[in-house]
Amino acid sequence: MSEDLLETLASHRLVPVVVLDDAGDAAGLAEALVAGGLPVAEVTFRTSAAAEAIAVIAKRGDVLVGAGTVLNVQQVDEAFEAGAQYIVSPGLSEAVVHRCQELGIPVLPGAVTATEITRALEMGLKTVKFFPAETSGGAAAIKALSAPFGGVKFVPTGGIGQKNIAEYLALECVSAIGGSWMVPKDMVRTQKFDEIAQLTRDAVALVRKD
């Protein structure tokens, strides 16, 4: 990932992982994140509305928006054309990484084993997504992996919330954390954007406290 993007993610420490069933909800969601003090979003490609939603958010110009759950080269191209500023993949796909490098868009692939991290390093990457974090050993596993891979930064996602976020943030090798508790899918679907903005404010306050 580019140094500028890393610095931006590190400064916020949190990356809201968003699932949008309707691209019509994208504008309100983006406004809520900005109002909550967290102008960052990872829109997952788990729904057909993802590309359009990314395009809506990207047009604002004040939200660092990326595409998540990117599984193949076609999705990389769709996300890039929609205006995604970075790509996140749950696993380490060489095809996805190479396509992102061809396009010049930062990519954050999933890697939870020493072998996967080594492969990521061989492809020129220094930051990986650690997913699913809690069921892959949690903060303790990341700490253990950071010993032999001292130059690697991790963005853990999966099972992280208000109760356990502090143990992840305590690790110097963790640059940011992905989570969805401040953007619940049901609240997005019912357009409770004021409540999402408040949840986002609370999440930001929690991170700053820690």
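Above this note sits the structure.
Since the structure is predicted, the reported quantities are computational estimates derived from the model, not experimental observations.

What counts and how
Residues numbered from 1 in each chain as written. Predicted model: local features only at pLDDT ≥ 70, side-chain atom pairs only at ≥ 80, totals over all residues. Heavy atoms only, no water. Helix = DSSP H or I, 4+ residues; strand = E, 2+ residues; numbered from the N terminus. Buried < 20%, exposed > 50% of the residue type's maximum accessible area, 1.4 Å probe, protein only. Pairing = 2+ DSSP bridges. Right-handed = clockwise from strand over helix to strand, strands pointing away. Core = buried A, V, L, I, M, F, W, Y, C linked by side-chain atoms within 4.5 Å. Contact = heavy atoms within 4.5 Å. Arc of directions from axis to C-beta. Salt bridge = Lys/Arg side-chain N within 4 Å of Asp/Glu carboxyl O. Axes fitted to C-alpha atoms, helices over the stretch in contact; angles between N-to-C directions. Parallel < 35°, antiparallel > 145°, perpendicular 65-115°, else oblique. Left-handed = near helix turned anticlockwise from the far one by under 90°. Nonpolar A, V, L, I, M, F, W, Y, C, P; charged D, E, K, R; others polar. 1 Å grid on protein atoms, 1.4 Å probe; cavity = no way out; pocket = protein on both sides within 12 Å on 5 of 7 lines; lining within 4 Å. Points joined across faces, edges and corners; volume = space filled by probe spheres on them. Phe/Tyr/Trp six-rings, centres within 6.5 Å; stacked < 30°, edge-to-face > 60°. Lys NZ or Arg CZ within 6 Å of the ring centre and 35° of its normal.

Chemist: Break down unusual backbone geometry for me, with residues and values.
Modeler: In this model, phenylalanine 131 is joined to proline 132 through a cis peptide bond whose omega is -5°. The residue proline 132 is located in the loop between strand S6 (127-130) and helix H7 (138-146) in this model. Phi angles above zero are rare outside glycine, and threonine 69 is one such case at about 55°.

Chemist: So what's going on with the pairing of strand S3 (residues 64-68)? Residues and values would help.
Modeler: Taken across its five residues, S3 has five buried, putting it largely inside the fold. Along S3, one buried face is formed by Leu64, Gly66 and Gly68 and the opposite face, lined by Val65 and Ala67, is buried too. Pairing geometry for strand S2 (residues 40-44) and S3, over five bridges, is parallel. Within S3, the residue paired with threonine 44 across the bridge is glycine 68. Between S2 and its parallel partner S3, the chain crosses via helix H3 (residues 50-60), and the hand of that crossover is right-handed.

Chemist: Let's hear about the nonpolar core: which residues, and what values?
Modeler: One broad rule of soluble globular proteins: the nonpolar side chains tend to lie buried together. Counting 68 residues, the largest nonpolar core has Leu14, Leu29, Ile87 and Phe154 as the members making the most contacts within it. Per-element accounting of this core gives the leading share, six residues, to helix H10 (residues 193-209). Beyond its immediate stretch of four places on either side in the chain, leucine 14 contacts Leu9, Leu38, Val40, Ile165, Ile177, Trp181, Met182, Ala203, Val204 and Val207. Counting ten residues, the second largest nonpolar core, distinct from the first, contains Leu5, Leu64, Tyr86 and Leu108.

Chemist: Now, about helix H2 (residues 26-35): what can you tell me, with residues and values included?
Modeler: Every buried residue of H2 is accounted for by Ala26, Leu29, Ala30, Ala32 and Leu33. Buried residues of H2, seen end-on, are gathered within an arc of 160° and therefore sit on one face of the element. Just downstream of H2, glycine 37 is the residue with a positive phi angle, here 85°.

Chemist: Report on the pattern of salt bridges, specifying residues and quantitative values.
Modeler: Two side chains of opposite charge can pair, provided their charged atoms sit close to one another. Throughout the structure, instances matching the rule amount to seven salt bridges. The residue aspartate 21 makes a salt bridge to lysine 185 at a minimum N-O spacing of 3.7 Å. Taken together, the positions of aspartate 21 in the loop between strand S1 (14-18) and H2 and lysine 185 in helix H9 (residues 185-189) put the pair 164 residues apart, joining distant regions of the chain. As a salt-bridge pair, glutamate 31 and arginine 60 come within 2.9 Å of each other at their nearest N and O atoms. In this pair, glutamate 31 is assigned in helix H2 and arginine 60 in helix H3, connecting sequence segments 29 residues apart. One continuous salt-bridge network, built from bridges that share partners, spans Glu31, Arg60 and Asp62.

Chemist: Tell me about the packing of H2 against H3, residues and numbers included.
Modeler: Two elements in contact, H2 and H3, have axes whose closest approach is 9 Å; the angle formed by their N-to-C orientations is 45°. Classified by the angle their axes make, H2 and H3 are oblique. Every pair of crossing elements has a handedness; the one defined by H2 and H3 is right-handed. Contact residues: Ala26, Ala27, Ala30, Glu31 and Val34 in H2; Ala53, Val56, Ile57 and Arg60 in H3. Across the contact of H2 with H3, the residue classes break down as seven nonpolar, no polar and two charged.

Chemist: Give a description of empty space enclosed by the protein that names residues and reports values.
Modeler: For the coordinates displayed, the defined rule picks out one cavity of 30 Å³ or more. Every residue along the wall of the largest cavity is listed here: Leu9, Val15, Glu42, Tyr86, Val88, Leu108, Lys129, Val155, Thr157 and Gly178. Each residue belonging to the lining of the largest cavity can be placed in one class, and the counts come to six nonpolar, two polar and two charged.

Chemist: Mind laying out the packing of aromatic side chains, listing which residues take part and the relevant values?
Modeler: Each aromatic ring pair is specified by the distance between its two centres and by the angle formed by the two planes. Counted according to the given criterion, the structure contains one aromatic pair. Each ring, one from phenylalanine 130 and one from phenylalanine 154, has its centre 6.2 Å from the other, and the planes form 80°; the classification is edge-to-face. Of the two residues, phenylalanine 130 sits in strand S6 while phenylalanine 154 sits in strand S7 (residues 153-156), which places them 24 residues apart along the sequence. Relative accessible area serves as the criterion here: at 0%, phenylalanine 154 is assigned to the buried category. Lysine 129 extends its terminal NZ or CZ atom over the ring of phenylalanine 131, reaching a point 4.7 Å from the ring centre.

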